[in-house]
Amino acid sequence: MDVGLRQFVIDAWSWLNYKPVMVDAGRPGNRSFPELAASWLPPHELRRLAAYKVLAAYDSNQAGQLAAASGDEAALERRELGDAANLVDTALGYLLGSEQKVTVEDAEHADDEAPAPGSTEAAAVQQRLRKWAEKELLTLRIQQAERAAVLLGDSVFVLAWNPEKQRPTLRTYDPGFFFPQWEDEDADFPTRVHLAWELPEDEDAGLKARVRRVTYELGPISEDIEGVERQYPWEPGRPSKVTCYLTDAEWLLEDLKRGETLDRLPMDKASFRVRPDGTELNRLDLMIDFVPVIHVTNTIPDGGEHWGRSAIARVLQGLDELAATDSDSSAASATTGTPIIGLAGARLPVDRATGRPEQLKVEAGAVWQLGDSGRMDALDTSPQLAELRARVEHLLDRIASNSRVTAAGLGTLDASEVPSGYALKLALGPLDALVGAMRLAREHKYRLLFKMVQRLHQAGRAQGWPAGESLPARLSWAPHTPTDRAAVLEEVVQAYGAGVLSLETAVAMLMDAGYPIKDAAQEVARIQDRAEWEAAARKADAVATGSGGERAKSDRDGEEEGAGQADPARGFGFVASRRK
């Protein structure tokens with residue numbers, strides 16, 4: 001007998017297989033994902049796009065509506081109280097810390113008396129990058145991109161040179177618009193990237209529904225002549241045969257036929273966009289040898305995969321259970337506050353129009369007349385309500401544990417249950433590991449971002465950006481949990497006093513602990529200047545004290561000499577004068 005078993009699928013989104021909406025997500029007539037039936041979408045991308053929509057529904061308290069669209073009408077009664085969004089925002093807060101800084105290697109040694117080779121150049125690049133970050137609102141862009149990464153598992157940065165501003169601009173895109181084309185699965189980066197989305201019909205403007213596709217593609221510098229080379233300013237002495245082309249075009253949906261997917265759109269029906277200076281964006285040579293698109297993943301992808309995993313991926317079923325328990329708890333609280341009452345032997349009022357007994361309401365001041373054998377019984381649901389509330393607490397602890405945010409990280413841990421600071425540190429251990437893994441997954445991507453920023457400045461011949469290799473820059477994160485500053489200070493003082501730490505390392509530890517030190521090099525210089533001034537003051541005091549000591553010694557010698565003379569009055573006079 002055919003039992004109609006589903007196909008067993010294991011991929012980057014297998015944790016969503018329990019959802020009925022993930023079965024044939026792109027089939028025509030699917031009420032949950034009608035937009036995924038678009039003919040231009042590649043079939044192998046449908047599960048990823050469906051997963052993004054499911055996660056977005058949880059974030060906006062619409063998981064019940066999504067389930068109802070797939071046929072589960074009872075899901076409309078589900079109570080969603082923002083637990084998924086709270087988990088995402090909490091994980092995001094720990095990831096970002098209190099601040100983020102752009103740092104360049106060896107820049108902190110530029111103010112030393114004998115700076116290391118290259119440290120002065122590193123400090124100059126660090127200052128220019130920080131000025132660019134301030135103008136481009138880098139902190140805001142990171143917040144936008146990282147929330148998408150924590151929620152959906154992926155986010156996208158796109159850089160573009162702006163001739164008017166004379167700097168690269170930074171924008172974030174929904175990962176559902178991102179379609180990389182991998183020619184070689186073993187390659188580190190794709191050589192062709194599409195950013196595509198649908199534009200709805202606008203009857204007032206007379207515009208039909210269409211799809212827009214922005215393509216970045218690496219290719220030979222000249223398509224007509226082979227072997228054409230170009231020397232880029234960030235690789236002096238190394239000719240390159242590769243450049244990046246930009247194409248920005250639109251297609252009417254009615255012009256697309258079945259099988260003309262994103263990578264096969266007919267170019268003869270494309271309408272190319274035009275820049276303000278009149279340049280048509282049809283394979284425009286960007287004069288760079290890289291694709292200025294950075295894909296950030298929330299986790300380190302598994303082998304053979306390119307996509308990250310959401311922070312709530314593994315606890316979605318727990319969130320479903322929590323919503324169902326909250327719904328049951330709400331129903332139980334209604335019957336506890338306004339209980340169900342059974343009456344026997346009561347005289348019920350009669351509706352004069354229908355002749356039927358009226359339904360009684362439980363309200364303050366109500367009086368019911370009972371007969372001699374009358375009885376009133378109330379249904380007590382308070383034990384069930386208490387059990388449901390206990391189950392809510394159990395589910396919250398389970399979700400906190402399995403997501404590795406921990407109850408201490410979510411703030412649901414009772415402080416009285418923590419016997420010591422060491423115990424709290426152990427309780428936060430899974431959160432420390434989670435944040436460490438998330439930051440490790442982003443480390444290389446932000447290094448790549450700042451390398452591209454330097455190269456775009458060089459390609460645009462921006463003032464103050466000379467030719468030469470890009471310096472390694474990274475994004476420094478602040479501590480994600482509060483630090484015992486007093487303990488750190490004591491440790492630094494003891495280690496520096498014992499000579500096992502340098503002054504630079506000691507200042508860096510104080511900065512990491514949250515002390516208000518803006519610049520490590522300047523702080524080290526201040527400490528050294530103060531130490532020199534105090535040393536000079538002590539030396540001056542020692543000299544002054546030494547001069548006074550010589551005078552005292554002379555007086556003592558005089559006393560001894562007078563005591564040895566024949567005239568005692570002279571000696572006594574001398575002593576008396578000293579006493580006066």
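Our structure's up above, just so we're on the same page.
Trainee: Is there a simple way to explain a nonpolar patch on the surface in this structure?
Mentor: Together, Leu343, Leu348, Leu370 and Met376 give the surface a local cluster of nonpolar side chains, amounting to about 320 Å² of exposed area. Along the polypeptide, Leu348 turns up in the loop between strand S11 (341-346) and strand S12 (370-378). For Leu348, a relative accessible area of 38% puts it in the partly exposed group.

Trainee: Would you explain the layout of surface pockets in this entry?
Mentor: To locate leftover empty space, one rolls a probe as large as a water molecule over the atoms. Looking at the largest pocket, its volume works out to about 1,300 Å³. Along the walls of the largest pocket sit 47 residues, with Lys101, Thr103, Arg130, Met511 and Ala520 positioned nearest its centre. For the lining of the largest pocket, the secondary structure elements donating two or more residues are strand S1 (100-104), helix H4 (119-135), strand S13 (473-477), helix H12 (503-512) and helix H13 (520-563). No other element matches the eight residues that H13 contributes to the lining of the largest pocket. Of the residues contributing to the lining of the largest pocket, the split by class is 20 nonpolar, 11 polar and 16 charged. Quantified by volume, the second largest pocket comes out at close to 1,100 Å³. Ala160, Trp161, Pro163, Leu246 and Arg275 are the residues nearest the centre of the second largest pocket, which is lined by 33 residues in total. Only strand S2 (154-162), strand S3 (167-173), strand S5 (192-199), strand S6 (210-220), strand S7 (242-252), strand S9 (284-285) and helix H10 (429-459) provide two or more residues apiece to the lining of the second largest pocket. In the lining of the second largest pocket, the residues fall into 21 nonpolar, three polar and nine charged.

Trainee: How do you make sense of the packing of aromatic side chains when you look at a structure like this?
Mentor: Aromatic ring pairs are reported here in terms of the distance separating the ring centres and the angle at which the planes meet. Tallied over the entire structure, the rule returns eight aromatic pairs. Ring geometry for Tyr173 against Trp197: centres 6.2 Å apart, planes inclined by 40 degrees, an arrangement best described as tilted. Residue Tyr173 is found in strand S3, and its partner Trp197 is found in strand S5; the two are separated by 24 residues along the sequence. Tyr173 gets classed as partly exposed once you look at its relative accessible area, which sits at 28%. Three or more aromatic residues link up through ring pairs in this structure, and these residues are Phe157, Tyr446 and Trp477. Of note, Arg48 hangs over the ring of Phe179, and the distance from its end group to the ring centre comes to 5.5 Å. Note that Arg283 overlies the ring of Tyr245, its terminal NZ or CZ placed 4.3 Å from the centroid.

Trainee: Could you clarify how one ought to interpret H4 in this entry?
Mentor: Owing to its 3.6 residues per turn, the α-helix aligns residues three or four sequence positions apart on the same side. Here H4 is 17 residues long and its end C-alpha atoms lie 24 Å apart, about the 24 Å a rise of 1.5 Å per residue gives. Within the span of H4, buried status applies to Ser119, Ala122, Val125, Gln126, Leu129, Trp132 and Ala133. Looking straight down H4, one finds its buried side chains confined to an arc of 135 degrees; they lie on one side. In this structure, H4 carries Gln127, Glu134 and Lys135 as exposed residues pointing more than 90 degrees from its buried face. Contacts made by the buried residues of H4 are with S1, helix H5 (138-152), S2, S3, H10 and S13.

Trainee: Just checking my understanding: could you explain the pairing of S5 for this structure?
Mentor: The side chains of a regular strand alternate, first on one face of the sheet and then on the other. Along S5, six of the eight residues are buried, which leaves the element largely enclosed by surrounding structure. In this sheet, S5 lies alongside strand S4 (residues 178-181) in antiparallel orientation, the contact comprising four bridges. Looking at the pairing, Phe178 lines up with Leu195 of S5. Of the strand pairs in this sheet, S5 and S6 are connected by eight bridges, and their pairing is antiparallel. Following the sheet pairing, Ala196 is matched in S6 by Arg213.

Cut-off values and rules
- Residues numbered from 1 in each chain as written.
- Predicted model: local features only at pLDDT ≥ 70, side-chain atom pairs only at ≥ 80, totals over all residues.
- Heavy atoms only, no water.
- Patch = residues over 30% accessible without salt bridge, like charges linked within 9 Å, V, L, I, M, F, W, Y side chains within 5 Å.
- Areas by Shrake-Rupley, 256 points an atom, 1.4 Å probe, with all protein chains shown as cover.
- Salt bridge = Lys/Arg side-chain N within 4 Å of Asp/Glu carboxyl O.
- Helix = DSSP H or I, 4+ residues; strand = E, 2+ residues; numbered from the N terminus.
- Buried < 20%, exposed > 50% of the residue type's maximum accessible area, 1.4 Å probe, protein only.
- 1 Å grid on protein atoms, 1.4 Å probe; cavity = no way out; pocket = protein on both sides within 12 Å on 5 of 7 lines; lining within 4 Å.
- Points joined across faces, edges and corners; volume = space filled by probe spheres on them.
- Nonpolar A, V, L, I, M, F, W, Y, C, P; charged D, E, K, R; others polar.
- Phe/Tyr/Trp six-rings, centres within 6.5 Å; stacked < 30°, edge-to-face > 60°.
- Lys NZ or Arg CZ within 6 Å of the ring centre and 35° of its normal.
- Expected span 1.5 Å × (residues − 1).
- Arc of directions from axis to C-beta.
- Contact = heavy atoms within 4.5 Å.
- Pairing = 2+ DSSP bridges.

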